Protein chains: 8
Amino acid sequence: MTQKTWNVYLSGEIHSDWRERIIEGTKAKGLTVNFTSAVTDHDASDMVGVNILGNEEDNFWRDRKASGINSIRTSSQIKAADLVVVRFGPKYKQWNAAFDAGFAVALGKPMVTLHDAELDHPLKEVDEAAKATCRQPEQVVEILSYILS
Amino acid sequence: MTQKTWNVYLSGEIHSDWRERIIEGTKAKGLTVNFTSAVTDHDASDMVGVNILGNEEDNFWRDRKASGINSIRTSSQIKAADLVVVRFGPKYKQWNAAFDAGFAVALGKPMVTLHDAELDHPLKEVDEAAKATCRQPEQVVEILSYILS
Amino acid sequence: MTQKTWNVYLSGEIHSDWRERIIEGTKAKGLTVNFTSAVTDHDASDMVGVNILGNEEDNFWRDRKASGINSIRTSSQIKAADLVVVRFGPKYKQWNAAFDAGFAVALGKPMVTLHDAELDHPLKEVDEAAKATCRQPEQVVEILSYILS
Amino acid sequence: MTQKTWNVYLSGEIHSDWRERIIEGTKAKGLTVNFTSAVTDHDASDMVGVNILGNEEDNFWRDRKASGINSIRTSSQIKAADLVVVRFGPKYKQWNAAFDAGFAVALGKPMVTLHDAELDHPLKEVDEAAKATCRQPEQVVEILSYILS
Amino acid sequence: MTQKTWNVYLSGEIHSDWRERIIEGTKAKGLTVNFTSAVTDHDASDMVGVNILGNEEDNFWRDRKASGINSIRTSSQIKAADLVVVRFGPKYKQWNAAFDAGFAVALGKPMVTLHDAELDHPLKEVDEAAKATCRQPEQVVEILSYILS
Amino acid sequence: MTQKTWNVYLSGEIHSDWRERIIEGTKAKGLTVNFTSAVTDHDASDMVGVNILGNEEDNFWRDRKASGINSIRTSSQIKAADLVVVRFGPKYKQWNAAFDAGFAVALGKPMVTLHDAELDHPLKEVDEAAKATCRQPEQVVEILSYILS
Amino acid sequence: MTQKTWNVYLSGEIHSDWRERIIEGTKAKGLTVNFTSAVTDHDASDMVGVNILGNEEDNFWRDRKASGINSIRTSSQIKAADLVVVRFGPKYKQWNAAFDAGFAVALGKPMVTLHDAELDHPLKEVDEAAKATCRQPEQVVEILSYILS
Amino acid sequence: MTQKTWNVYLSGEIHSDWRERIIEGTKAKGLTVNFTSAVTDHDASDMVGVNILGNEEDNFWRDRKASGINSIRTSSQIKAADLVVVRFGPKYKQWNAAFDAGFAVALGKPMVTLHDAELDHPLKEVDEAAKATCRQPEQVVEILSYILS
């Protein structure tokens, strides 16, 4: 029995090293996983709309231009994913992470959430739709190691 | 040409009267719209799991029991909706609102967002997927009045 | 906000009065729910194939004729259901109940399971896919009362 | 005319060597089939939840944690399968096997069942949805050999 | 438990009274079934294309014009059906009946076939996909009576 | 055999009376058809975005605001339609009509086109996907009369 | 611009060399096409059920066993196909070919039919759903050569 | 994190070099993108029906034969695309481009439009459904470069 290469989409927080810890941990175990993610360079992501399509006076449309281009990438990656991991950090609104979670669940994708216990109550609807709630990135690595065994 | 009765799901903030203003405004215009929503009684919603299924020591599982029952209602209502309105208020995390938005969009439901301009930047991915972004509940009423004309 | 009439499919055990307790309890609360179910007359269900289509020497084909006709009814009812309740009793294999559960979940239907704690371990995969696990039919009535409020 | 590599999911009984007999028999015939399956190490599977995500006092939640992680693997494998083989042995409830069967059928996957004649009657609804009912693993090998010819 | 009104599509042979026998038999039993069917007036059906859209020299295009209009009706009726009954008589090619059968099965509609035993062998692929194979229209009535009980 | 009420979406040209001729012709024949359509008041449709959501300096975003609101209505109506009629007149680009046609066909909706012969060549890809191509609105009425008989 | 490898399913008549002419013609043009098909050895196909699963007294069930196994192969191949070619010869009922055609069309697969003009009238419903009707296998080769250019 | 190879379908205008500019620009940046497109040789495309399937007196059917064969290619390519780029030039009706846009959007494919500002108003419904509107092919290359980074 050989496993397919799993596609895992990593959604959410961009201000800590959780993606690297999952990717490195997976590599250290010799697992072949293909990770995808939104562009995590905050400025590049915010400005991509006006950088490519031209300037906008109004911030609302400046954001719209950027988020339109970014959604080409993220919606395609989520649709191709076998597993979606959604990380919520202690700061910021992170509504795009919760949006990704709802989007993935409606498509029938299994989802794992990753956040501290202090966020359990506001995240209860998201966690309810998750297959597991992890506290540390290494637990996500353990799950991948188990399901790819 | 007669319009079907539209099903409109109202998601998000439960601490202001935006739902009432939309429902009353729609009624005042003589429009026949069927509104649905999560249970908006905060305590009833939080405690429904243990109230019906029995107590839990651990808050995580207490929340899980409640959110499981609540999602029977909300997922069914979103699937039956012709339009989903998602409201973000100035307070709280409101991740369930963003989750509902992602869920609705993945199902191909048209969505309208409702929030102040100060939330535009953190909501840019959600607004990108919306057909319109309103500032006031009365604008939602105007949209319903127009599309039901 | 008025609720649609919910379609609730009742699957599983036919040797106790759990269906009646749910139906009567729901009626007592004044809820308008449309319940559906397989034919629960055990002999009529087993013999429907040969009764209508003609006798079979071989029990395998006798059963096949019956289950073919029964599945016209049950697959159609599950597809039309807003909620599927699956009951496991203390006796018999009840594989059709677990089959119904998997069928419902793959279609995205919310499911509630109903069984004693002693069956928790063998039912762990079914319960994982459920929105709630009840011990008494009256708890199902409570859930219906809540989500239809 | 060259055949694609078939993905075949093997569901059910873990206490006999039926998986090995199918895999070895297929290999002996020189067929290229990719087999997948749940983790069949009973203890590893039961304890994976608490092993990775932390201990639970309550057996119900201990099982839930395990079955959540296991379903990431099994639901993904069933969705990727071209054929699902479901084995029922003489012992245990095996409700997860019947659940897998219902899940697969609702997704439109062809299914083959594998069990003794004494289980025909309780499995009549599952067999009705199957393309073939085998008594011996070698018959499954014969079917694969034929459809891959 | 009240049954929905079932939509039953009657496909195939137009030269015998099998439709009438099913419709009358169902009515005699007091069942509320909504039957649909292609236009069964042979000449009206063949000529509808040129009658409405204008003449054609070439028979191939004359037939195409008719079958385009007829398929608006039949594809819509099959999509709305809860059950599809396909009748094969002793005469003519009746490829449209087999086409309807394949179309219905791919959409997940339960199908019942109705034909004499002498057609069993050439219809084996169609019957394999059917929930029941009847010899007489009255057996279809019996099935409807049972599943609507 | 009684027909359901058909939902027919009328897409395209707003500068001639083709919609009225179809609606009146259908009514004259006593057919019960439910017609839907985009808002056909050209100015109301163009200005709805800024009228409800506030002014825009840039015409591109003014149009975007309007087309977002209009698509709530049209996408919902096309999804609910049993038949889509697309009219191309002799003037203007009418790209929204061709867009509606592609949208409807991808959803599996039967489509009828309505245009003069001089537009046959540029419309060959749209007509290929149509069940019928009419020259006069009265031919659409004839088709409805036939399929509703 | 490089073309993917197309999967083409060849359905229908097994008593002439049309499959070989398409496969050889395609090879001669240097096109890389992956052809699939039912097992075309008539006796092997008819007897596969009893050969693998054991004898049956009744011809109906003997056929059912064979067609169950055959449909594992054909349904999987049609679902994987980019194009379905359906051949009707001058002899036999060939209802499985028409069934395959309906099945393919309901799944949104483009279909090409291949038959003589004398079969045009009985095949009008099948041809209506086809993208092209060919008279000679070499025309199918030409179509493949064009769309793969 | 490695990117999959993206499939990008290029729809629309065939009288300027926009396809070449996108393909060459993408190659110059070292991106691995698989581009697909309709046959862009105007005469080959228009005459393919009669060239392969035989002559037609009537231009309508001559066009139908060609567009049937062309749609085998284009519908298959759009279904396989991760991104659809639709170009509208200053001349001709280009209804097939708008049809492709609607078809792609209904399938949930992200779309980018490419046209001059003077076409903004007639294309407002198409642009509303697009993730970005570009003026120059080089902007499409920039978007591909960004989402493939």
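It should be emphasised that the depicted structure is a prediction, and the values quoted were computed from it without experimental measurement.

Colleague: Residue-level account of the overall build of chain A, with values.
Modeller: Summing up its helical and strand segments, chain A has six helices and five strands in all. Ordered by position in the sequence, the α and β elements of chain A form the string β-α-β-α-α-β-α-β-α-β-α. Taken over the C-alpha trace, chain A has a radius of gyration of 16 Å; the compact-globule value for 149 residues is 15 Å, and the two agree within 12%. Expressed as lengths along the three principal axes of its C-alpha atoms, the size of chain A is roughly 55 × 35 × 30 Å. Sequence-distant contacts in chain A: of pairs separated by 6 or more residues, those separated by 24 or more amount to 63%. Total accessible area on chain A stands at roughly 5,400 Å², and carbon and sulfur atoms take up 48% of it. With 17 positive and 21 negative side-chain charges, chain A shows a separation of 5 Å between the mean positions of the two kinds.

Colleague: Provide a residue-level description of the relation of the copies chain G and chain D, including the pertinent values.
Modeller: Expressed as a screw operation, the relation of chain G to chain D combines 0.0 Å of axial shift with a rotation of 90°, fitting to an RMSD of 0.0 Å. Taken together, the rotation and translation describe the operation of a four-fold axis. Closest to the rotation axis within chain G is the C-alpha of G:A80, separated from it by 8.9 Å.

Colleague: Any details on the interface of chain G and chain D? Residues and values, ideally.
Modeller: Facing the 22 residues of chain G at the interface are 21 residues of chain D. Between chain G and chain D, a total of about 1,700 Å² is buried, with carbon and sulfur atoms accounting for 62% of that surface. In terms of surface lost to chain D, no three residues of chain G exceed G:I52, G:I72 and G:R73, which account for 36% of the buried area on that side. Linking chain G to chain D there are zero salt bridges.

Colleague: A description of the nonpolar core should follow, citing residues and the corresponding values.
Modeller: If you look at the biggest cluster of nonpolar residues, it comprises 38 residues, and the most contacted ones within it are F:F88 and H:F88. Put simply, the parts of the chain that give this core at least two residues each are β3 (83-87) and α4 (95-106) of chain F together with β3 (83-87) and α4 (95-106) of chain H. Sequence-distant contacts of H:F88, defined by excluding residues within four places in its chain, comprise F:W95, H:Q94, H:A97, H:A98, H:L114, H:H115, H:L119, H:L123 and H:V126. Of all hydrophobic cores here, the second largest spans 37 residues; its members include E:M111, E:A130, G:V86 and G:A101.

Colleague: Tell me about the relation of the copies chain A and chain B, and name the residues and values.
Modeller: Between the two copies, chain A and chain B, the superposition gives an RMSD of 0.0 Å; the rotation angle is 180° and the shift along the axis is 0.0 Å. Taken together, the turn and the small shift mark the pair as related by a two-fold rotation axis. Taken together, the interface assignments show that 100% of the residues at the interface of chain A recur at the interface of chain B, consistent with an identical surface on both copies.

Colleague: Tell me what's going on with the interface of chain A and chain B, and back it up with residues and numbers.
Modeller: Each side of the interface is counted separately: chain A has 37 residues, and chain B has 37 residues. Each partner contributes to the roughly 3,200 Å² buried at the junction of chain A and chain B, and carbon and sulfur atoms together form 65% of this total. Here B:K124 makes a salt bridge to A:D46, at a shortest N to O gap of 3.6 Å. Of all elements in the fold, only α3 (59-80), α4 (95-106) and α5 (124-128) of chain A reach the threshold of two or more residues within the side of chain A that touches chain B. Sorting elements by how many residues they give to the side of chain A that touches chain B places α4(A) first, with nine residues. Across the side of chain A that touches chain B, the residue classes break down as 18 nonpolar, eight polar and 11 charged.

Colleague: Describe in detail the arrangement of the chains, supporting the description with residues and values.
Modeller: At their nearest point, the C-alpha atoms of chain B and chain G are still 19 Å apart, with no contact between the two. The two units chain C and chain H are non-contacting; their minimal C-alpha-C-alpha distance is 19 Å.

Colleague: Can you break down the packing of helix α1 (residues 18-28) of chain A against helix α6 (residues 137-147) of chain A residue by residue, with the values?
Modeller: Residue and element names in this part refer to chain A. Their axes nearest at 9 Å, the elements α1 and α6 cross at an angle of 35°. Crossing handedness for the pair α1 and α6: right-handed. Where α1 abuts α6, its residues W18, R21, I22, G25 and T26 lie against P137, E138, V140, V141 and L144. Looking at the contact of α1 with α6, its residues break down into six nonpolar, two polar and two charged.

Colleague: Please give an account of helix α2 (residues 42-53) of chain A that cites residues and values.
Modeller: A:S45, A:D46, A:V48, A:G49, A:V50, A:I52 and A:L53 are the residues of α2(A) that are buried. The elements touched by buried residues of α2(A) are α3 of chain A, α5 (124-128) of chain B together with β5 (132-134) and α6 (137-147) of chain H. At the N-terminal end of α2(A), a side-chain oxygen is found 3.2 Å from the backbone nitrogen of A:D43, two or three residues along, and the residue is A:D41. Looking at the residues trailing α2(A), positive phi occurs at A:G54, about 105°.

Colleague: Which residues make up unusual backbone geometry, and what values do they have?
Modeller: Despite not being glycine, C:Q94 has its phi angle at roughly 55°, a positive value. Overall, C:Q94 belongs to the buried group, its relative accessible area being 10%.

Colleague: Any details on helix α3 (residues 59-80) of chain E? Residues and values, ideally.
Modeller: Residue and element names in this part refer to chain E. Between its first and last C-alpha atoms α3 spans 31 Å; for 22 residues at 1.5 Å apiece the expected length is 32 Å, and the two agree. Where α3 bends most, the angle comes to about 30°, and this point is S71. Among the 22 residues that make up α3, 18 are buried, leaving the element largely enclosed by the rest of the structure. Backbone nitrogen of F60 and a side-chain oxygen of the N-cap are separated by 2.9 Å at the start of α3; the cap is D58.

Conventions we followed
Residues numbered from 1 in each chain as written. Chains lettered and ligands numbered in written order. Predicted model: local features only at pLDDT ≥ 70, side-chain atom pairs only at ≥ 80, totals over all residues. Heavy atoms only, no water. Helix = DSSP H or I, 4+ residues; strand = E, 2+ residues; numbered from the N terminus. Rg over C-alpha atoms; globule rule 2.2 N^0.38 Å. Contact = heavy atoms within 4.5 Å. Areas by Shrake-Rupley, 256 points an atom, 1.4 Å probe, with all protein chains shown as cover. Lys, Arg positive; Asp, Glu negative; His and termini not counted. Charge placed at Lys NZ, Arg CZ, Asp CG, Glu CD. Least-squares fit on C-alpha atoms with pLDDT ≥ 70 in both. Buried area = accessible area lost by both parts, 1.4 Å probe. Salt bridge = Lys/Arg side-chain N within 4 Å of Asp/Glu carboxyl O. Core = buried A, V, L, I, M, F, W, Y, C linked by side-chain atoms within 4.5 Å. Buried < 20%, exposed > 50% of the residue type's maximum accessible area, 1.4 Å probe, protein only. Nonpolar A, V, L, I, M, F, W, Y, C, P; charged D, E, K, R; others polar. Axes fitted to C-alpha atoms, helices over the stretch in contact; angles between N-to-C directions. Left-handed = near helix turned anticlockwise from the far one by under 90°. Polar contact = N/O pair within 3.5 Å; in protein donor to acceptor, adjacent residues only side chain to side chain. Expected span 1.5 Å × (residues − 1). Bend = angle between axes of the 7 residues up to and from the residue.

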